[in-house]
Amino acid sequence: MTDGITVTYDEIAPFSRGDGVETRLMVGKGNAPETPFTTGTTAFPAGSAAPLHSHNCAEQVTILEGQADAMIGGEIVRLGAMDTTFVPANVPHYFRNSGTGRLVILWIYGARDVTRTFTESGETVPHMSPKDQV
């Protein structure tokens, strides 16, 4: 058992998701073997979005910067800084940058092993794998 970890955000290598979208994994099984969750941030340039998808676990998303249109279970809502959502496992959703600046979200998944299933194709991929693109 470890005594915990400290993560310096600027030292996290960004994972390119395509279309200028970048994700940073903050805590996960790679750096915290005992964690029961996975957390990080994703930054979206103006006009970009993740496609409609679902996960194998619950997800909390907090808007840290910018504005988003969030579609969760068929309902679209406008969100701003510090607004927070909860998305149960297997519920289709997306977050789209609806502002003129950058959108940054903090996400927390309720699992160590996270998958993303793209609604349009039905394909399931491991989170932050080469096929986990926007």
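Everything quoted here is computed from the prediction, not taken from an experiment. (Residues numbered from 1 in each chain as written. Predicted model: local features only at pLDDT ≥ 70, side-chain atom pairs only at ≥ 80, totals over all residues. Heavy atoms only, no water.)

*Asks:* Looking at this structure, how should I read the packing of aromatic side chains?
*Replies:* Two numbers describe a pair of aromatic rings. These are the distance of the centres and the angle of the planes. Overall, the coordinates contain one aromatic pair when judged by the stated rule. With centroids separated by 5.0 Å and ring planes inclined at 40°, the aromatic side chains of Trp 107 and Tyr 109 adopt a geometry described as tilted. As far as burial versus exposure is concerned, Trp 107 and Tyr 109 are alike and both buried. A cation over a ring is seen here: Arg 96 above Tyr 94, with NZ or CZ 4.5 Å from the ring centre. (Phe/Tyr/Trp six-rings, centres within 6.5 Å; stacked < 30°, edge-to-face > 60°. Buried < 20%, exposed > 50% of the residue type's maximum accessible area, 1.4 Å probe, protein only. Lys NZ or Arg CZ within 6 Å of the ring centre and 35° of its normal.)

*Asks:* So what exactly am I meant to see when it comes to the side chain of Asn 97 here?
*Replies:* With respect to the element layout, Asn 97 can be found in strand β9 (residues 93–97). Within the structure, the side chain of Asn 97 is placed 3.2 Å from the backbone oxygen of Pro 45, a separation counted as a polar contact. Those residues in contact with Asn 97 that sit more than four places away from it in its chain are Phe 44, Pro 45, Ala 46, Gly 47, Ser 48, Gln 67, Arg 102 and Leu 103. (Helix = DSSP H or I, 4+ residues; strand = E, 2+ residues; numbered from the N terminus. Polar contact = N/O pair within 3.5 Å; in protein donor to acceptor, adjacent residues only side chain to side chain. Contact = heavy atoms within 4.5 Å.)

*Asks:* Which parts of the structure should I look at to understand the pattern of salt bridges?
*Replies:* Two side chains carrying opposite charge are able to pair once their charged atoms lie near each other. Going through the model one piece at a time under the given rule, you end up with six salt bridges. Arg 17 is paired through a salt bridge with Asp 132; the nearest N and O atoms lie 3.1 Å apart. Of the two residues, Arg 17 is situated in strand β1 (residues 15–18) and Asp 132 in the segment after β12 (124–126); the sequence distance between them amounts to 115 residues. Across the salt bridge formed by Asp 69 and Arg 78, the nearest N and O atoms sit 2.7 Å from each other. The exposure class of Asp 69 is buried, given its relative accessible area of 17%. By relative accessible area, which is 54% here, Arg 78 ends up exposed. Each of Arg 17, Arg 116 and Asp 132 takes part in salt bridges that share partners, so that together they form one network. (Salt bridge = Lys/Arg side-chain N within 4 Å of Asp/Glu carboxyl O.)

*Asks:* Please explain the environment of Ser 129 as it appears in this structure.
*Replies:* Among the secondary structure elements, Ser 129 is positioned in the segment after β12. Residues Ser 129 and Asp 113 lie 16 residues apart in sequence; the distance between their C-alpha atoms is 12 Å.

*Asks:* When you look at empty space enclosed by the protein in this model, what are you seeing that I'm missing?
*Replies:* It is a probe the size of a water molecule, rolled over the atoms, that shows where empty space is left. On inspection of all chains with the given rule, the structure shows one cavity of 30 Å³ or more. In this structure, the largest cavity spans a volume of roughly 110 Å³. Among the secondary structure elements, those contributing two or more residues to the lining of the largest cavity are β3 (38–44), β4 (53–55), β5 (59–65), β9 and β10 (103–109). Broken down by class, the residue content of the lining of the largest cavity amounts to seven nonpolar, five polar and three charged. (1 Å grid on protein atoms, 1.4 Å probe; cavity = no way out; pocket = protein on both sides within 12 Å on 5 of 7 lines; lining within 4 Å. Points joined across faces, edges and corners; volume = space filled by probe spheres on them. Nonpolar A, V, L, I, M, F, W, Y, C, P; charged D, E, K, R; others polar.)

*Asks:* Whenever I open this one, the nonpolar core confuses me. Can you help?
*Replies:* A general trend in soluble globular proteins is that nonpolar side chains are found buried together. Within the largest apolar cluster, 16 residues are counted, with the highest numbers of intra-cluster contacts made by Phe 44, Val 61, Ile 63, Leu 103 and Ile 105. Looking at this core, the element that brings in the most residues is β10, giving four residues. Those residues within four positions of Ile 63 in sequence are excluded, and the remaining contacts are Ala 68, Leu 79, Gly 80, Ala 81, Met 82, Asp 83, Leu 103, Val 104 and Ile 105. (Core = buried A, V, L, I, M, F, W, Y, C linked by side-chain atoms within 4.5 Å.)

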